[in-house]
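# Coordinate analysis (summary)
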Amino acid sequence: MSDAGSDELDEEQGQGVGTYAGERNELGERHGEGEANLPNGDTYKGSYENNKRNGMGTYRFTNGARYIGEWLRNKKHGQGVFIYPDGSKYDGSWVDDQRSGKGFYYYVNGDVYEGEWQNHKRHGQGAYIYHDTGSRYEGTWKEGLREGYGELIHRNHKFVGKFRDDKPSGQGKYIFDIGCMQTGDYILVEQSADERGAHDDEEVKVIPKWRAKDIREIVLDPIEDLEKSREFEVENLPPENDDYLNEEEALNQSINEPTVDRTSPLGDETEGDNAAVLEVVAEQHKLRSGTEATSEETEDMGEEEDEEEEENVE
C-alpha cells in the first residue's frame, strides 16, 4: 500500500496560484465547473465552490497518481477511486481526506482487501485475500492489523479463533475438509537461536505456537439433514394428492420448531452451537441404545418360554 502522491496543493491562496479556466462567482472566486493547472504540475478538472474543490472532480499528480471522486472543501470526501503511483488502487469511501468507511483496496502484488476503514487503515470487519496462496482472512481488524475474532481459510482447512497484534492468539480450532477438527490454543514462546538463525546477542523474538489438545469428528447438523430430506420429498410430490400435502405441512411445522440454535459460524456462539448439536446426537444415541437393549431382553424372554414348553412336553 502506498500513500505517495496523495497530497494536493491547496488552492486557498488565491487566484494567482497556477492557471484556471472555468466558472466564477460574483466575488471572482472559482465556482462551478473548471480546470486548474497548479504550479507543482498537478492538474484538477471538476467542480468548485467558493474557490475550493467541491463536488465531483479528477485530480492528477505529476508522479502518475490520480483521484477520481467526490470532494468537500478541498478534501477527498465521499465516494472515490485513488490510483497510487505503484499501481495499487483504493475504491471506496473517504472522510476528511482519509480512507474511512467501506472500500476495496487492490494491492500491487494481487492481494485484495474488502471491508471497513478508519483513518487510512483497515479497521472493523473485513476480508483479506492473499493472492499467492489463495488463503483468505475474514474477521476483525484494528488499525491495520488482525485483531479479535476471525477465520483464516486455506485450501483444505481453516483456523477459527482470535487474533492479537496480527497473529493468532489463545484458544481456537482447525477445521479440516476431511470431516474432523483439532482444538487447542496458541501460546507465545521465545524463538530459539537456531530458528532465528541469529547470534545470541540479538533480540529474542516471541512467536505464537500451536498447542493441540484433541481431534474430534465433525458432527453434522441433524436439522440440516432433515431439511434436505424435506426438499427431496417436495420435489417428488405427486400433483393433487391431499395426503402428501398434509404430510408436507406437518414436516414443515416440525422443522420450524426451535430445537437447535444454528448461529452463523462468524459469531462467538460457535462452541455453544456445536454443544447443542452434540446434545441432540447424544440423545438419539441413547434412544438407539435403549431400543437395542429392549430387543435383547425380548430375545431372552423368548428363549426362556421355549425352555418351559420343552419341560412341559417331557
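Residues numbered from 1 in each chain as written. Predicted model: local features only at pLDDT ≥ 70, side-chain atom pairs only at ≥ 80, totals over all residues. Heavy atoms only, no water.

A few words now on the overall build of the protein chain. Scanning the protein chain from N- to C-terminus turns up four helices and 16 strands. Relative to its 314 residues, the protein chain shows a buried fraction of 30%. Taking the contacts inside the protein chain whose residues are at least 6 apart along the sequence as the reference set, 23% of them involve residues at least 24 apart. Here the protein chain displays about 20,400 Å² of accessible surface, and carbon together with sulfur accounts for 47% of that area. (Helix = DSSP H or I, 4+ residues; strand = E, 2+ residues; numbered from the N terminus. Buried < 20%, exposed > 50% of the residue type's maximum accessible area, 1.4 Å probe, protein only. Contact = heavy atoms within 4.5 Å. Areas by Shrake-Rupley, 256 points an atom, 1.4 Å probe, with all protein chains shown as cover.)

What follows concerns the packing of aromatic side chains. Counting across every chain of the model gives 32 aromatic pairs. Taking 5.7 Å as the distance between ring centres and 40° as the angle between the ring planes, the aromatic pair formed by F61 and F82 counts as tilted. One end of the pair, F61, is in the loop between strand 4 (52-60) and strand 5 (66-72); the other, F82, is in strand 6 (residues 75-83), with 21 residues separating them in the sequence. Of the two residues examined, F61 and F82, each falls in the buried class. With a centroid separation of 5.2 Å and 50° between ring planes, the pair formed by F159 and Y174 is classed as tilted. With a gap of 15 residues between them, F159 in strand 13 (residues 157-164) and Y174 in strand 14 (residues 167-176) connect regions that are remote in the sequence. Of the two residues, F159 and Y174, neither departs from the other in class, the shared state being buried. The ring of Y106 has K89 sitting right over it, with the charged end atom 5.3 Å from the ring centre. Over the face of the ring belonging to Y137 we find R146, whose NZ or CZ atom lies 5.6 Å from the ring centre. (Phe/Tyr/Trp six-rings, centres within 6.5 Å; stacked < 30°, edge-to-face > 60°. Lys NZ or Arg CZ within 6 Å of the ring centre and 35° of its normal.)

Right, let's talk about the environment of P39 for a bit. Its location among the elements puts P39 in the loop between strand 2 (30-37) and strand 3 (43-49). Remark: the alpha-carbon pair of P39 and G18, spanning 21 residues in sequence, is separated by 5.0 Å.

Here we take up the pairing of strand 11 (residues 136-142). It is a general feature of regular strands that their side chains alternate between the two faces of the sheet. Taken together, the six bridges between strand 10 (residues 121-129) and strand 11 define a ladder with antiparallel strand orientation. Bridge assignment links Y128 to a residue of strand 11, and that residue is Y137. The turn joining strand 10 and strand 11, which pair antiparallel and follow one another in sequence, is formed by six residues; a positive phi near 80° is taken by G134. With six bridges joining them, strand 11 and strand 12 (residues 145-153) adopt antiparallel strand pairing. Each residue of the ladder has a partner; that of K142, found in strand 12, is L145. The loop that links strand 11 with its antiparallel partner strand 12 comprises two residues; one of these, E143, has a positive phi angle of about 50°. (Pairing = 2+ DSSP bridges.)

In terms of strand pairing, strand 7 (residues 89-95) meets strand 8 (residues 98-106) through six bridges, oriented antiparallel. Its bridge partner lying in strand 8, K89 is registered against Y106. The turn joining strand 7 and strand 8, which pair antiparallel and follow one another in sequence, is formed by two residues; a positive phi near 55° is taken by D96. As paired elements, strand 8 and strand 9 (residues 112-118) share six bridges and run antiparallel to each other. Bridging from a neighbouring strand, Y106 pairs with V112 of strand 9. The hairpin turn running from strand 8 into strand 9, its antiparallel successor, is five residues long, and G110 in that turn takes a positive phi close to 100°.

As a further point, take the environment of N51. Looking at where N51 falls in the secondary structure, it is placed in the loop between strand 3 and strand 4. Separated by 21 residues in sequence, N51 and R30 have C-alpha atoms that sit 4.3 Å apart.

Another aspect to go through is unusual backbone geometry. Residues other than glycine seldom take positive phi values, yet N50 does so here, at roughly 55°. Here N50 is to be found in the loop between strand 3 and strand 4. The partly exposed category is assigned to N50, whose relative accessible area is 39%. The residue D97 is not glycine, and still its phi comes out positive at about 75°.

This part takes up the pattern of salt bridges. Tallied over the entire structure, the rule returns eight salt bridges. The partner of E138 in a salt bridge is R136, and the shortest N-O contact between them spans 2.5 Å. On the basis of relative accessibility, which here comes to 22%, the residue E138 falls in the partly exposed class. On the accessibility criterion, R136 (27% relative accessible area) is partly exposed. Between E151 and K158 there is a salt bridge; the shortest N-O distance is 3.4 Å. Assessed through its relative accessible area of 4%, E151 is described here as buried. (Salt bridge = Lys/Arg side-chain N within 4 Å of Asp/Glu carboxyl O.)

Residue-level pLDDT values for the protein chain average 77, and 61% of them are 70 or greater. The low-confidence segment residues 250-305, where pLDDT is below 50, has 40 contacts with residues more than four positions distant or belonging to other chains. (pLDDT = per-residue confidence, 0-100.)

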